[in-house]
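Examining the three-dimensional arrangement
Now for the letters of each chain:
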Amino acid sequence: MRSGSSELLLEQQQQELRLRKIRELAPKKKNGNRRFRSWRERARFYGTSTLAFFSVTAGASLLFLVPLYVDPAISTLSHDFIENPTLCTTTRREDLVGIFNCSWSSCREGCTSDLYRCVHIYVTFIEQNITIPANMTDYSNYTADWEQSGEATLLVNIKGCGYPPTVTCKDFNGYYGIEGAIFPCFYSRKNKTVVLTSYNHDNQVAMIIHFFAVPFVITVISSIALCIMHCDCRCKKDRSHRRNRPQCRRPRIENLSDTSISTRVDMLTPAIEVYKPPL
């Protein structure tokens, strides 16, 4: 009986040890150590996340909007095109093949791909200021009385390229690439060899404001707000050089009186006389 009871006690002790080890190895619940954030900390966290999102998004969008929209708009405004349209007449069209022959094109879909096939459209235009009637469709009789300019190149826009559905080169070449075709156009006052089929000064300015000014302002404001929230932007003066340091100066020999020097010498002479080196 004693042996059986002792075995039961040992088993119970072993089970208790196992349970203790299991409890020690088991992961503790996080709810007990959970820290509740105040409303200020929550507002700071969500405000930081929102500002960081707007700053990164607006800054990254500039990388794509500037070369696709802003740069062509600035180039178009710098060429100083006429605001009122004149009439152009297509003189000839060239369909070329080869990368060396296609340094430019009147229209191409895609502004980053290499040119292996291109279309050159040449036109002449009326340099005088004319007023085109709004309902006029046949311009052949209207252009006969006006003097034509020299030959110029016709472009779909200032870069000569674009992306569908805004730019469709098949329709563009089919309509403007026919010899003798007459249509309204806009020529550049600075470079009269460049002609566009459509131009609007207000649209170009609006494109610069929407695709550059707005993202740039958002990026700057959000970055400044993040700096104010998480950095100490105040200017502090360095006053470390103005700290009072303890002055420890040794007394100079000139300040010592002759009497003090003589007393010290008199005190040292007995010790020198007492000490005699061994022979």
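Residues numbered from 1 in each chain as written. Predicted model: local features only at pLDDT ≥ 70, side-chain atom pairs only at ≥ 80, totals over all residues. Heavy atoms only, no water.

**Some points on the pairing of strand β3 (residues 152-155)**
Moving residue by residue along a regular strand, the side chains alternate between the two faces of the sheet. Pairing of strand β2 (residues 117-125) with β3, which is carried by two bridges, proceeds in the antiparallel orientation. Each residue of the ladder has a partner; that of V123, found in β3, is A152. Relative to strand β5 (residues 194-196), β3 is paired through three bridges, and the arrangement is parallel. What sits directly across from L155, in β5, is L196. (Pairing = 2+ DSSP bridges. Helix = DSSP H or I, 4+ residues; strand = E, 2+ residues; numbered from the N terminus.)

**Quick notes on the confidence of the model for the protein**
Detailed reading of the predicted model is not advised wherever pLDDT is low. Per-residue confidence for the protein gives a mean pLDDT of 81, with 77% of residues at or over 70. Per-element averaging of pLDDT across the protein places helix α6 (residues 258-274) at the bottom with 50 and β3 at the top with 96. Long-range and interchain partners of residues 271-275, a stretch whose pLDDT sits below 50, account for zero contacts in this model, where long-range means more than four residues apart. (pLDDT = per-residue confidence, 0-100. Contact = heavy atoms within 4.5 Å.)

**A look at the state of the cysteines**
Under the criterion given, the structure shown has four disulfides. Here C107 is linked by a disulfide to C169, with a sulfur-sulfur distance of 2.2 Å. The disulfide joining C107 to C169 has a torsion of about -85 degrees about its S-S bond and is therefore left-handed. Placement of C107 in the loop between β1 (86-97) and β2 and of C169 in helix α4 (residues 169-176) is noted, with a sequence separation of 62 residues between them. Look at C169 and you get buried, because its relative accessible area is 9%. A sulfur-sulfur separation of 2.1 Å characterises the disulfide bridge that pairs C111 with C161. The S-S bond linking C111 to C161 shows a torsion near 110 degrees; that makes this disulfide right-handed. With C111 in the loop between β1 and β2 and C161 in the loop between β3 and α4, this pair connects stretches of sequence that are 50 residues apart. The exposure class of C111 is partly exposed, given its relative accessible area of 30%. (Disulfide = S-S within 2.5 Å. Buried < 20%, exposed > 50% of the residue type's maximum accessible area, 1.4 Å probe, protein only.)

**Considerations on the side chain of S55**
Topologically, S55 is positioned in helix α2 (residues 39-78). We classify S55 as buried; its relative accessible area is 15%.

**Focus: the pattern of salt bridges**
A full pass over the atoms with the stated rule returns six salt bridges. Notably, a salt bridge pairs K159 with D71, separated by 3.3 Å at the nearest N-O pair. Of the two residues, K159 is situated in the loop between β3 and α4 and D71 in helix α2; the sequence distance between them amounts to 88 residues. Judged by its relative accessible area of 35%, D71 is partly exposed. Across the pair E127 and K192 runs a salt bridge whose closest N-O atoms are separated by 3.3 Å. Of this pair, E127 sits in the loop between β2 and α3 (140-143) while K192 sits in the loop between β4 (182-187) and β5, and the two are 65 residues apart along the sequence. (Salt bridge = Lys/Arg side-chain N within 4 Å of Asp/Glu carboxyl O.)

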